[in-house]
Amino acid sequence: MIKILLSGYSGFPMSKSAASEKQKLIAKALSLEPKIEVEILNYISYNDFKYDKKGVFDGVRYRLMCIFSKYPNNKILKLLNLIYGYLNEYIYVIFSSYDYLIISSRNSIYIIIHIIIAKFRNKKVSLTIVEDYKSMNLSTSKISQIKFQIYHKYVLKYIDGVFPISSLITQDLVKVNKKLPF
């Protein structure tokens with residue numbers, strides 16, 4: 001049995017967004033193979049109602065890693081929920097039995113931590129890319145520039161594969177890493 005974790009998402013299964021739908025379709029497609037088990041990890045929920053922390057939705061297993069499934073109104077609770085969700089997801093990935101991790105995120109630091117965990121555990125990590133990183137991060141702040149450098153110098157060099165949404169994105173990725181499997 002091959003186990004695949006999908007991470008970097010928020011709100012599945014209750015969030016009605018393109019990202020959530022994409023996540024569900026990837027999981028369902030992979031699950032068509034009887035020897036593949038898929039689980040979606042949500043580090044945070046941005047929903048306005050409470051739902052189960054783990055379960056099956058439309059044939060797809062999911063696990064919510066944060067404290068609250070309903071988005072808290074209090075700023076401190078929001079921050080605690082987010083931090084707990086990230087840490088809980090990393091701990092789960094460190095100790096869980098899986099073969100592949102597919103990440104959908106533009107957060108360079110989040111991705112790098114998952115790459116480090118995967119390399120330490122000798123697991124494969126792929127990234128879904130649906131938009132050009134630079135065009136979606138227009139901030140000129142120092143932190144944004146650092147994240148951009150991390151993304152291009154490290155994420156795209158050490159990731160094991162990508163699922164690009166278009167040939168244009170594929171062309172940009174090849175410029176950074178010619179050996180990157182698509």
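Structure shown above.
Residues numbered from 1 in each chain as written. Predicted model: local features only at pLDDT ≥ 70, side-chain atom pairs only at ≥ 80, totals over all residues. Heavy atoms only, no water.

**Brief notes about the overall build of the chain**
Under the convention used in this document: The helix and strand labels rest on DSSP assignments: H or I over at least four residues marks a helix, E over at least two residues marks a strand, and numbering proceeds from the N terminus. Only C-alpha atoms enter the radius of gyration; for comparison, a globular chain is expected to reach 2.2 Å times N to the power 0.38, where N is the number of residues. A contact between two residues is defined here by any heavy atoms of the two lying within 4.5 Å.
For the chain, the count of helices and strands is six helices and seven strands. Reading the secondary structure of the chain in the N-to-C direction produces β-α-β-β-β-α-β-α-β-α-α-β-α. Scaling as 2.2 N^0.38, a compact globule of 182 residues should have a C-alpha radius of gyration of about 16 Å, and the chain matches this with 16 Å. Across its three principal axes, the chain shows a C-alpha extent of roughly 45 × 45 × 30 Å. Considering only residue pairs separated by 6 or more positions, the chain has 61% of its internal contacts joining residues 24 or more positions apart.

**A word on the packing of aromatic side chains**
Using the following cut-off: We call Phe, Tyr and Trp rings a pair once their centres come within 6.5 Å, taking the six-membered ring for Trp, and we label the pair stacked below 30 degrees between planes, edge-to-face above 60, and tilted otherwise. Note on exposure labels: buried denotes an accessible area under 20% of the residue type's maximum, exposed denotes more than 50%, and partly exposed covers the range between, all computed with a 1.4 Å probe on protein chains only. Geometrically, a lysine NZ or arginine CZ counts as sitting over a ring once it is within 6 Å of the ring centre and also within 35 degrees of the ring normal.
Tallying each qualifying case throughout the model produces six aromatic pairs. Ring centres 6.1 Å apart and planes at 50° place the aromatic pair tyrosine 51 and tyrosine 62 in the tilted group. Residue tyrosine 51 is located in the loop between strand 2 (36-44) and strand 3 (54-57), and its partner tyrosine 62 is located in strand 4 (residues 60-64); the two are separated by 11 residues in the primary sequence. Each of the two residues, tyrosine 51 as well as tyrosine 62, counts as buried. Each ring, one from tyrosine 90 and one from tyrosine 110, has its centre 5.9 Å from the other, and the planes form 40°; the classification is tilted. Within this pair, whereas tyrosine 90 is found in helix 2 (residues 75-95), its partner tyrosine 110 is found in helix 3 (residues 108-121), the two being separated by 20 residues in sequence. Assigned by exposure class, tyrosine 90 and tyrosine 110 land together as buried. An aromatic cluster is defined as three or more aromatic residues linked by ring pairs; in this entry it consists of Tyr43, Tyr86, Tyr90 and Tyr110. The ring of tyrosine 98 carries the charged tip of lysine 123 above its face, separated from the ring centre by 5.6 Å.

**As for the pattern of salt bridges**
Opposite charge on two side chains permits them to pair, given that their charged atoms come into close proximity. Heads up, the condition is: When a carboxyl oxygen of Asp or Glu lies within 4 Å of a side-chain nitrogen of Lys or Arg, that pair is called a salt bridge.
As enumerated under the stated definition, the model contains eight salt bridges in all. Of the charged contacts, one joins lysine 24 and aspartate 58 as a salt bridge, the two residues approaching to 3.3 Å between their closest N and O atoms. Separated by 34 residues along the polypeptide, lysine 24 in helix 1 (residues 18-31) and aspartate 58 in the loop between strand 3 and strand 4 bring together distant segments of the chain. Across the pair arginine 61 and glutamate 39 runs a salt bridge whose closest N-O atoms are separated by 3.4 Å. In this pair, arginine 61 sits in strand 4 while glutamate 39 sits in strand 2, placing the two residues 22 residues apart along the sequence. We classify glutamate 39 as buried; its relative accessible area is 1%.

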